[in-house]
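Single-letter residue listing:
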Amino acid sequence: MESARRPLVSQLWVKNRRNEAVLDPERPALSWKELQPKSGRGLCLARVLHRARGLIGRLTEQYPSVCHSVPISEIIAVETEQKRYNSDTWQKFNHHAFTVHYAQRAQKHCWRCSAVTFWCKDEELCHQWIQAIKKLLELQTSRPKHLLVYINPYGGKQQGKQIYEQKVAPLFSLASITTDVIVTERANHAKDDLFEVNLEKYDGVISVGGDGMFSEVMHGLIGRMQKDSSIDQNNPSAPLAPCNLRIGIIPAGSTDCICYATVGINDPVTSALHIIIGDLQHMDVCSVHHNNTFLKYSVSLLGYGFYGDVLKDSEKNRWMGPTRYDFSGFKTFLSHHYYEGTVSFQQANQTLGSPRDKSTCQSGCYICKQSTQEVEEKRKRHHYNLEETEDDGDWKVIRGKFMAINAANMSCACPRSPKGLSPAAHLAAGTIDLILVRRCSRLNFLRHLVRHKNQDDQFDLAFVEVYRVKTFLFTPKHSENEDTDNKDVRKKHFNQICNGNHSSCGCNHVNSIWNCDGEALDHAAVEVRVHCQLIKLFARGIEEDSKP
Ligand SMILES: Nc1ncnc2c1ncn2[C@@H]1O[C@H](COP(=O)(O)OP(=O)(O)OP(=O)(O)O)[C@@H](O)[C@H]1O
């Protein structure tokens, strides 16, 4: 054990059963064998057998040996047990113990904090084990030590404070993470605060709340980075400075779509464990501009038409709580509005996959990894994002009548729609999936809306088109002439096609609004651009679920 290179193996007991633990610094993992009873009855019998000498053969028969191995990166803390077990029995047998707390995968992307106590007779040996594990934990440099936490006490079921105090704070304290906690007093409190606070002393910012609260924290952090780097957010083609601080999401809102799409489950304990072990997930961010004025950033869905109308109507019915989305969705479906306008976009390189791919973006996704390398190279050369790469495709212009124009920056999976609006969308490839739903019958639109129940290609409908793009512009028909930026080549191209002839279009002659991650935008004519891997989260993407 003195030599860090040699595996530390010694006589230890796990949960009262004689076993051996192994700590191998070469392959950083703590492994131990544990005898598991086959059944409840087996347990009693095996206990008897355990005491009887010479029956080892039968013992192993009743007690199949189970091997556990926990990577050091998933160990949360090691605690000496002498403090806790200072009982008479403990001292009588003069045993020493330490407990290892670790993150254990449960079902359906859920993680739990588990613990195993190792006992041994030799105090020195026990001490050596604790020190060896602590030393390896110190080498985990990606783990946060000091965090800034914002709690929205009014998000979702107004349980943010309780969720943090009861489920998250004890885990942070176990992992020796210190925090500065701010319970917000008004909307935009967190966003404004992030422009003032000294960020250098923190390793991350935690949002306790829903998607709106996350959006606030993200806007604060991105805005602060641009301010510190003297970058004008109103310039749509300005390369943005990436955020180095990771954001953690403790879900405590109504929908928590961003947490679900990056972790696979809305569970505060799982999210807290991802934060503690210092997971990292890059994420793309879309900037939305109108006529050289910055409007908002978006990370999940930008929806015009159906999703914009649902938002507009649901805002009137806030008193209904989350049910308002179902109510407004039904009303909007019945109203069956369509909108006329022009979409202009540049398709992304084919190497970045297609929205119709069968495979989804999972933890360690190779398409996102490919983009990480490109982004790193660009940033080394002092370019902040991946826009305008030489191999980007030609501009395409589509003019028509649309039921919905949806831009998915991620799958937009949520518990109600587990596959999401665009199942194959990537979290960090620097692309958006642009879904155009053309004017169609109610029945067809319903077929599109329930598409997530379909196992095959969700876009295999004649009135649905889907493109993987890096940037797009939209102008609703009756505001086409508002576009005045003639310097921009793309907009010139766009204006040539939209010649302003609006006679007898037959559409609603009213604009829908853009639903930007659940919030309304003030303008219908927008320019959207994706910024590859602009922010980082304490997450690791969706892992393959080995325990369905
Ligand atoms: N103290 C506060 N008082 C009022 N509003 C607040 C406060 N703190 C934050 N907010 C605002 O509340 C809005 C909604 O919060 P949040 O996203 O946490 O809950 P939600 O809307 O129920 O969940 P979701 O967005 O997942 O549906 C956010 O836009 C945020 O800016």
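An unreviewed UniProt entry lists the protein under the name Ceramide kinase isoform X1, with Microcaecilia unicolor given as the organism.

Draft legend 1. Focus on the overall build of the protein. A tally of regular secondary structure across the protein gives 14 helices and 21 strands. Buried positions account for 55% of the 548 residues belonging to the protein.

Draft legend 2. Highlighting the site of the ligand. Residues in contact with the ligand amount to 19 residues; listed here are only the nearest, Gly156, Thr184, Gly210, Glu216 and Ser254. Note that an oxygen atom of the ligand is positioned 3.0 Å from one of the side-chain N or O atoms of Thr255. Expressed as a share of its isolated accessible area of 640 Å², the protein-covered part of the ligand is 79%. Taken together, the residues of the shell around the ligand sort by class into four nonpolar, 10 polar and five charged.

Draft legend 3. The arrangement of the packing of aromatic side chains in detail. The full count for this structure, using the stated rule, is 13 aromatic pairs. Aromatic pair Phe98 and Trp129: ring centres 5.9 Å apart, planes at 20°, arrangement stacked. With Phe98 in strand 6 (residues 96–105) and Trp129 in helix 4 (residues 123–138), the pair connects residues that are 31 residues apart, well separated along the chain. With a centroid separation of 4.6 Å and 40° between ring planes, the pair formed by Phe345 and Tyr467 is classed as tilted.

Draft legend 4. Spotlight on helix 6 (residues 189–196). For helix 6, the complete set of buried residues consists of His189, Ala190 and Leu194. End-on, the buried residues of helix 6 take up no more than an arc of 130°, which puts them together on one face. Taken together, the buried residues of helix 6 touch strand 8 (146–151), strand 9 (178–183), strand 10 (204–209) and helix 7 (211–228).

Draft legend 5. Region of the structure containing the packing of helix 10 (residues 306–316) against helix 11 (residues 323–335). Running from N to C, helix 10 and helix 11 cross one another at 125°; their axes reach a closest spacing of 8 Å. Considered as vectors, helix 10 and helix 11 are oriented oblique to each other. Crossing angle aside, the handedness with which helix 10 passes helix 11 is right-handed. On helix 11, the residues touching Phe306, Asp309, Val310, Asp313 and Ser314 of helix 10 are Arg324, Tyr325, Phe327, Ser328, Gly329, Lys331, Thr332 and Phe333.

Draft legend 6. Examining helix 11 more closely. End to end, helix 11 covers 19 Å across 13 residues, agreeing with the expected 18 Å (1.5 Å per residue, within 8%). Considered for burial, the residues of helix 11 that qualify are Arg324, Ser328, Gly329, Thr332 and Phe333. Down the axis of helix 11, the buried set is contained in an arc of 160°. They therefore lie on one face. Looking at the packing, one finds that the buried side of helix 11 touches helix 10 and helix 13 (442–449). Just downstream of helix 11, His336 is the residue with a positive phi angle, here 50°.

Draft legend 7. Quick peek at the confidence of the model for the protein. Of all residues in the protein, 79% have pLDDT values of 70 or greater, and the mean over the chain is 82. Least confident of the elements in the protein is helix 14 (residues 489–497), whose mean pLDDT is 44; most confident is strand 8, at 98. Below pLDDT 50 for its whole length, residues 52–59 participates in four contacts with residues either more than four positions away or in separate chains. A low-confidence stretch, residues 489–507 stays under pLDDT 50, and its non-local contacts, those more than four residues away or across chains, total 39 contacts.

Draft legend 8. Inspection of the side chain of Ser411 at higher detail. Assignment of secondary structure puts Ser411 in the loop between strand 16 (395–408) and strand 17 (432–438). Note on Ser411: relative accessible area 14%, which makes it buried. The residues touching Ser411, leaving out its near neighbours within four places in the chain, are Ala261, Lys419, Gly420, Leu421, Ser422, Pro423 and Ala425.

Draft legend 9. Just the state of the cysteines, in detail. On inspection of all chains with the given rule, the structure shows zero disulfides. Its sulfur unpaired, Cys368 is 3.7 Å from the next cysteine sulfur, which belongs to Cys361. Residue class for Cys368 comes out buried when judged on its relative accessible area of 6%.

Draft legend 10. Up close: the pairing of strand 10. Most of strand 10 sits inside the fold, with six of its six residues counted as buried. Burial along strand 10 is two-sided: Gly204, Ile206 and Val208 facing one way and Val205, Ser207 and Gly209 facing the other are all buried. Judged from the six bridges that link them, strand 10 and strand 11 (residues 246–251) form a sheet pairing that is parallel. Considered in strand 11, the bridge of Val208 is made with Ile250. Assessed by its sense of winding, the connection that carries the chain from strand 10 through helix 7 to strand 11 is right-handed.

Calculation criteria
- Residues numbered from 1 in each chain as written.
- Predicted model: local features only at pLDDT ≥ 70, side-chain atom pairs only at ≥ 80, totals over all residues.
- Heavy atoms only, no water.
- Helix = DSSP H or I, 4+ residues; strand = E, 2+ residues; numbered from the N terminus.
- Buried < 20%, exposed > 50% of the residue type's maximum accessible area, 1.4 Å probe, protein only.
- Near = heavy atom within 4 Å.
- Polar contact = N/O pair within 3.5 Å; in protein donor to acceptor, adjacent residues only side chain to side chain.
- Areas by Shrake-Rupley, 256 points an atom, 1.4 Å probe, with all protein chains shown as cover.
- Nonpolar A, V, L, I, M, F, W, Y, C, P; charged D, E, K, R; others polar.
- Phe/Tyr/Trp six-rings, centres within 6.5 Å; stacked < 30°, edge-to-face > 60°.
- Arc of directions from axis to C-beta.
- Contact = heavy atoms within 4.5 Å.
- Axes fitted to C-alpha atoms, helices over the stretch in contact; angles between N-to-C directions.
- Parallel < 35°, antiparallel > 145°, perpendicular 65-115°, else oblique.
- Left-handed = near helix turned anticlockwise from the far one by under 90°.
- Expected span 1.5 Å × (residues − 1).
- pLDDT = per-residue confidence, 0-100.
- Disulfide = S-S within 2.5 Å.
- Pairing = 2+ DSSP bridges.
- Right-handed = clockwise from strand over helix to strand, strands pointing away.

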